[in-house]
Amino acid sequence: MNTTNMDKQDDKQERVTPKLRFPEFQTTLEWNKDILGNLFAERSKKNNPGKTVLAATQDKGVIPYELMEKSVIRDRKNLGGYKLVLPEDFVISLRSFEGGFEYSKYEGIISPAYVVLYPKIKIYNYFFRIYFKQDSFIQQIQNSLNNSLRDGKSISYKQASTLSIALPKIEEQQKIADCLSSIDELIELEERAIAGLKQHKKGLMQKLFPTVG
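Residues numbered from 1 in each chain as written. Predicted model: local features only at pLDDT ≥ 70, side-chain atom pairs only at ≥ 80, totals over all residues. Heavy atoms only, no water.

(A) Just the pattern of salt bridges, in detail. Scanning the model with the defined rule gives 8 salt bridges in all. Close ionic contact of Arg-43 with Asp-89 constitutes a salt bridge, the shortest N to O distance being 2.8 Å. A residue pair is termed long-range when its members are at least 10 positions apart, and Arg-43 in strand E2 (residues 40-43) and Asp-89 in the loop between strand E5 (83-85) and strand E6 (90-92) qualify at 46 residues. For Arg-43, a relative accessible area of 17% gives the class buried. A relative accessible area of 2% places Asp-89 in the buried class. Here Glu-188 and Arg-192 are joined by a salt bridge, their closest N and O atoms 2.8 Å apart. Of this pair, Glu-188 and Arg-192 both sit in helix H7 (residues 170-208), separated by 4 residues, roughly a single helical turn. (Salt bridge = Lys/Arg side-chain N within 4 Å of Asp/Glu carboxyl O. Helix = DSSP H or I, 4+ residues; strand = E, 2+ residues; numbered from the N terminus. Buried < 20%, exposed > 50% of the residue type's maximum accessible area, 1.4 Å probe, protein only.)

(B) Broad picture of the environment of Ile-110. Positionally, Ile-110 belongs in strand E8 (residues 108-110). Spatially, the C-alpha atom of Ile-110 lies 8.6 Å from that of Leu-79, the residues being 31 residues apart in sequence. Beyond its immediate chain neighbours, meaning those up to four positions away, Ile-110 contacts Leu-54, Ala-55, Ala-56, Val-62, Tyr-82, Lys-83, Val-85, Val-91 and Val-116. (Contact = heavy atoms within 4.5 Å.)

(C) Region of the structure containing the packing of aromatic side chains. With the rule as written, the count across this model stands at 15 aromatic pairs. Taking 5.5 Å as the distance between ring centres and 55° as the angle between the ring planes, the aromatic pair formed by Phe-40 and Phe-132 counts as tilted. Residue Phe-40 is located in strand E2, and its partner Phe-132 is located in the loop between helix H4 (125-131) and helix H5 (135-145); the two are separated by 92 residues in the primary sequence. Each member of the pair, Phe-40 together with Phe-132, is buried. Between Phe-101 and Phe-132 the ring centres are 5.0 Å apart and the planes differ by 50°, which places this aromatic pair in the tilted class. Placement of Phe-101 in the loop between helix H3 (96-99) and strand E7 (102-103) and of Phe-132 in the loop between H4 and H5 is noted, with a sequence separation of 31 residues between them. On the accessibility criterion, Phe-101 (1% relative accessible area) is buried. Pairwise contacts between aromatic rings join Trp-31, Phe-40, Phe-90, Phe-101, Tyr-103, Phe-127, Phe-128, Tyr-131, Phe-132 and Phe-137 into one cluster. Sitting over the ring of Phe-22, Lys-175 keeps its end group 5.4 Å from the ring centre. (Phe/Tyr/Trp six-rings, centres within 6.5 Å; stacked < 30°, edge-to-face > 60°. Lys NZ or Arg CZ within 6 Å of the ring centre and 35° of its normal.)

And the structure:
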């Protein structure tokens, strides 16, 4: 194979284009293909025992531990070994192979069993909140862990740093994030409405059926 053909092949491999794009971006360059290690670094700072203790959840992201159902911290002596988490950091949880990486809106500390990531470049954080929850990204995590899944091990920063990332320009990141976040808001409103209807039904049932006993 000559050099020209190799260059063409490399160019083809680097082209990453989604099936659907907003009109204003259709004539712009394709997304850049990169690896996570070039975009995010590991935050390993410790010895902040006085800060809020955080927990990583798949449905609510990173939240204060006190908001968890079982929120009793039994061993406060070892909090000095917990890792610092700042707002807009991401946390690789012990169940990341099931639900992706978790986003933190809070400043606090988290178990040293977790990996904390912060962006090395300018990003639109909501874009990555969604990106890290994609099925295809979670599949990458599973492939990276291989047989370690059986041992209950979490993904390390070294493993995470090799994960492939498709990265659009910041303007397109924002457009995608704004679109999907508006849908998330609609879903949340619908869920609240459904919860309200369920509560209303429960109240009606108590009134419509007599108490027997």
